[in-house]
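# Fold and geometry: a report
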Amino acid sequence: MIALGYILSATLSFFGLLLAFRFRRVPGAYAFMALSALTCWAAAASSYEYSAVGLEDKLLWRNLQQISYFYIPVSVLAVSAAYSAYADRIGRRKLTLVSLVPTAALVLLYTNDFHHLMRTAVELNAEGRIAVERTALNDLFLLFGFFLNVASLGLLVRTLLLTKGAQRRQAAVLTIAVALPFVIGLLRTIGVFPVTGYAASIAMTYLPASLVMIWGVFKYQLLQAVPIGRNQLVEALAEGVLVVDAETRVLDANAAAVRLLARIAGRDVGDLQGREISREAWPHLDAWLEAHASRSERTVEVAVGAGAERTYIAMKVMPVWGARTRYGGSITVMTDMTDVKRKERELRRSASTDDLTGAYNRSAFIDRTNQLLGAANALDQPFALLVLDIDDFKRINDTYGHQAGDEAIRAVAHAVAGCLDRTQPLGRIGGEEFAVALPGLDLAEAVALAEAIRSATARADIRRDGARFGATISVGVAARGESGATYDALFQSADRRLYYAKRSGRNRVEAGETTEVPSVVK
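## Some thoughts on helix α14 (residues 362-379)
Compared with the 26 Å implied by 1.5 Å per residue over 18 residues, the 26 Å span of α14 between its first and last C-alpha is a close match. For α14, the full list of buried residues reads A364, F365, T369, L372, L373 and A376. Along the long axis of α14, the arc covered by the buried residues comes to 160°, so they all point the same way. In the segment just after α14, D380 is the residue with positive phi, at about 55°.

Written out as structure tokens, the structure is:
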């Protein structure tokens, strides 16, 4: 019967290995393959030890069994992690580090004759079975394996409590399979299951677990949904997925959700499981909390930070209803919209901004000026317009080249912008021609500002390819009332005065009315 049990255990384990190999492209299948291979090896080695004669042969196969004995807890942890809701927390690196402990145990075991750190004596007892006197260090290694099994069981139990439907059934099968060796060992210890000797070997202990796992493969498609759909799908999403109950306690959050919530909070949020998302702890989530409380599908946007560090996150909240229309909580899909918002801003800016100077382009300047002028007209407030042009620009191009002309345009725009505040838009309305809208300034105030701009521009030091030169501007000034109340009227008046300033000697500000028809002067 014992030999038959070994054969059955090895056959089932080998069958599980073949099944796992068939679905080897499914994430988590390799962990299942490793567990099946180790239990198969344990059964085979136990069978050879059982049939071997003499201490030396039996000890050879007993030592080979220890490979499975020490590594099975690691493979159980790998399988449990793959099928649990915490697969992201136990990756390959952690499993590799955990594997160092059983590796060290095996090295010490196979070199025991030199130091006797694992066994102090090995002999055949009266029944012809190997009797081993283990050391405390050996027991510590075994305790480590026991700890891994407990941890694996804990992962599955918690997953079982947090999931529903097919995922819960899969978790239940694995929980039973991992728990069975514990139960068998406990029953054997208290005498309820009085099995000793070869019948109590690791191969026999894991036989019921193998039966349950094989049953689960066919009944609940363990290997066809490895790991339980949520892990690979939800954790792979760039979007955050946050699941909360009716009281906003976190039931689940994938890695992306944790990362996005950390950006909203401006700090490391740690493990969110079971924590409540309250207004006090999360002041930036007021809109989300209102959406959750509304029990309807809504999308809100959360914006935190300022300037270049400002973060925009769209949160789509979907209610979850239980039996008898009981509100069970909500699922929130979180999408980082920061790059999208930035690109939208860049598109809007490029559509309204002059590439060379960063000032408004002609159409954007006219639109903005009309808005400001409309408000000034409605409130009967002062408003002025400057139109300015670089003097002798053709000479700069002819003398220093067109790239130097571009440098002159940039330098003039920079000098003008340095004299303005944020309420006074600057626009490039022609090749070397600019305009400035001055809400709240009357004609005299506008002239004073125009003089300051003219002086600042004259002081500008322009350099290009070793050449160093300066530039001056002529400015025409017009104000609401004395020159009309529309953009066209103000611009025509300021433009006439600009060219009058040029004909009068350049590098000057002109605000007086003139009927002289301007000629093209550069």
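Having seen it, we continue.
## A word on the packing of helix α2 (residues 29-51) against helix α3 (residues 55-83)
Contact geometry of α2 with α3 gives a least axis separation of 8 Å together with a crossing angle of 160°. Classified by the angle between their axes, α2 and α3 sit roughly antiparallel to one another. Our pair here, α2 against α3, has a crossing hand that is left-handed.

## Here's the deal with the environment of V412
Position of V412 among the secondary structure elements: in helix α16 (residues 402-417). With 50 residues separating them along the chain, V412 and I462 place their C-alpha atoms 9.3 Å apart. Apart from the residues lying within four places of it in its own chain, the contact partners of V412 are L388, I390, F434, T457, A471 and I473.

## Concerning the side chain of S68
Among the structural elements, S68 can be located in helix α3. Separated by 2.6 Å, the side chain of S68 and the backbone oxygen of L38 make a polar contact.

## Regarding the sheet that holds strand β7 (residues 327-336)
The antiparallel open sheet is built from five strands, whose spatial order is β4-β3-β7-β6-β5. At either margin of the open sheet sits one strand with a lone partner, and together these are β4 (250-253) and β5 (298-304). Across the sheet, the mean angle separating the axes of adjacent strands is 20° when strand polarity is ignored. In the sheet, strand β3 (residues 240-245) pairs with β4 via three bridges, with the strands oriented antiparallel.

## Topic: the pattern of salt bridges
Where charged atoms of side chains with opposite charge meet at close range, the side chains can pair. Taken as a whole and assessed by the stated rule, the structure comprises 22 salt bridges. Close ionic contact of D392 with R506 constitutes a salt bridge, the shortest N to O distance being 3.5 Å. With D392 in the loop between β8 (383-390) and α15 (393-400) and R506 in the loop between α18 (487-503) and β14 (509-510), the pair connects residues that are 114 residues apart, well separated along the chain. Under the relative-accessibility criterion, D392 is labelled partly exposed at 28%. Judged by relative accessible area, which is 26%, R506 ranks as partly exposed. Overlapping salt bridges, with partners in common, bring together D245, E247 and R249 in one network.

## Notes on unusual backbone geometry
For D380, which is not glycine, the phi torsion reads 55° and is therefore positive. As for its placement among the helices and strands, D380 is situated in the loop between α14 and β8. Backbone geometry places R506, a non-glycine residue, at a positive phi of 65°.

## Here we look at the sheet that holds β8
With mixed pairing, five strands are arranged side by side in an open sheet as β9-β10-β8-β13-β14. On the outer flanks of this sheet lie β9 (426-428) and β14, each paired with one strand and no other. When strand β13 (residues 473-479) meets β14, the two strands line up parallel, connected through two bridges. In the sheet register, G476 faces β14, and the bridge partner there is E510. Of the strands in this sheet, β8, β10 (433-439), β13 and β14 are in contact with α18, which crosses β13 at around 145°.

## Observations concerning the confidence of the model for the protein
Per-residue confidence for the protein gives a mean pLDDT of 83; residues scoring 70 or more make up 87%. Every residue in residues 225-229 is under pLDDT 50, and counting partners more than four places away or in other chains gives 15 contacts. For residues 517-522, every residue scores under 50 in pLDDT, and the model assigns this stretch 15 contacts once sequence neighbours within four places are set aside.

## A word on the packing of α3 against helix α6 (residues 136-162)
Direction vectors running N to C along α3 and α6 enclose 15°, while the axes themselves pass 9 Å from each other. In terms of their interaxial angle, α3 and α6 are classed as roughly parallel. Between α3 and α6 lies a crossing of left-handed hand. Contacts between α3 and α6 involve Y69, F70, P73, V74, V76, L77, S80, A81 and Y83 on the former and, on the latter, N138, F141, L142, G145, L148, N149, S152, L155, L156 and T159.

## Topic: α15
Residues of α15 that are buried: F393, I396 and N397. The arc that holds the buried residues of α15, viewed along the axis, is 95°, so those residues lie on one side. Structural note: α15 exposes K394, D398 and T399 on the side pointing more than 90 degrees away from its buried face. The elements touched by buried residues of α15 are β8, α16 and β12 (467-469). Taken from the residues just after α15, G401 is the one with a positive phi, measuring 105°.

## Details of the pairing of β3
Extensive coverage of β3 is indicated by the burial of five of its six residues. Across six bridges, the pairing between β3 and β7 is antiparallel. When the bridges of β7 are listed, V243 appears paired with I331. Once β3 ends, the chain turns through four residues before running back antiparallel as β4, passing T248 with a positive phi of about 60°.

## Side note on the nonpolar core
In this structure, L386 and L438 are the most contacted members of the largest nonpolar core, which totals 33 residues. Of all the elements in the fold, those that place two or more residues in this core are β8, α15, α16, β10, α17 (443-458) and β13. The element that contributes the greatest number of residues to this core is α16, accounting for seven residues. In terms of nonpolar packing, the next biggest core, distinct from the first, is built from 31 residues, V74, L77, V98 and V178 among them.

## Focus: the packing of aromatic side chains
As enumerated under the stated definition, the model contains five aromatic pairs in all. Seen from their ring centres, Y69 and F70 are 6.2 Å apart, and the 85° between their planes marks the pair as edge-to-face. Judged by its relative accessible area of 38%, Y69 falls in the partly exposed class. Judged by centre distance (6.5 Å) and plane angle (85°), the ring pair of F70 and F141 falls under edge-to-face. With F70 in helix α3 and F141 in helix α6, this pair connects stretches of sequence that are 71 residues apart. One exposure class covers both F70 and F141, and it is buried. Grouping aromatic residues by their ring pairs yields a cluster made of Y69, F70 and F141. The aromatic ring of W282 is capped on one face by R267, whose charged end is 5.4 Å from the ring centroid.

Rules of the game
Residues numbered from 1 in each chain as written. Predicted model: local features only at pLDDT ≥ 70, side-chain atom pairs only at ≥ 80, totals over all residues. Heavy atoms only, no water. Helix = DSSP H or I, 4+ residues; strand = E, 2+ residues; numbered from the N terminus. Expected span 1.5 Å × (residues − 1). Buried < 20%, exposed > 50% of the residue type's maximum accessible area, 1.4 Å probe, protein only. Arc of directions from axis to C-beta. Axes fitted to C-alpha atoms, helices over the stretch in contact; angles between N-to-C directions. Parallel < 35°, antiparallel > 145°, perpendicular 65-115°, else oblique. Left-handed = near helix turned anticlockwise from the far one by under 90°. Contact = heavy atoms within 4.5 Å. Polar contact = N/O pair within 3.5 Å; in protein donor to acceptor, adjacent residues only side chain to side chain. Pairing = 2+ DSSP bridges. Salt bridge = Lys/Arg side-chain N within 4 Å of Asp/Glu carboxyl O. pLDDT = per-residue confidence, 0-100. Core = buried A, V, L, I, M, F, W, Y, C linked by side-chain atoms within 4.5 Å. Phe/Tyr/Trp six-rings, centres within 6.5 Å; stacked < 30°, edge-to-face > 60°. Lys NZ or Arg CZ within 6 Å of the ring centre and 35° of its normal.

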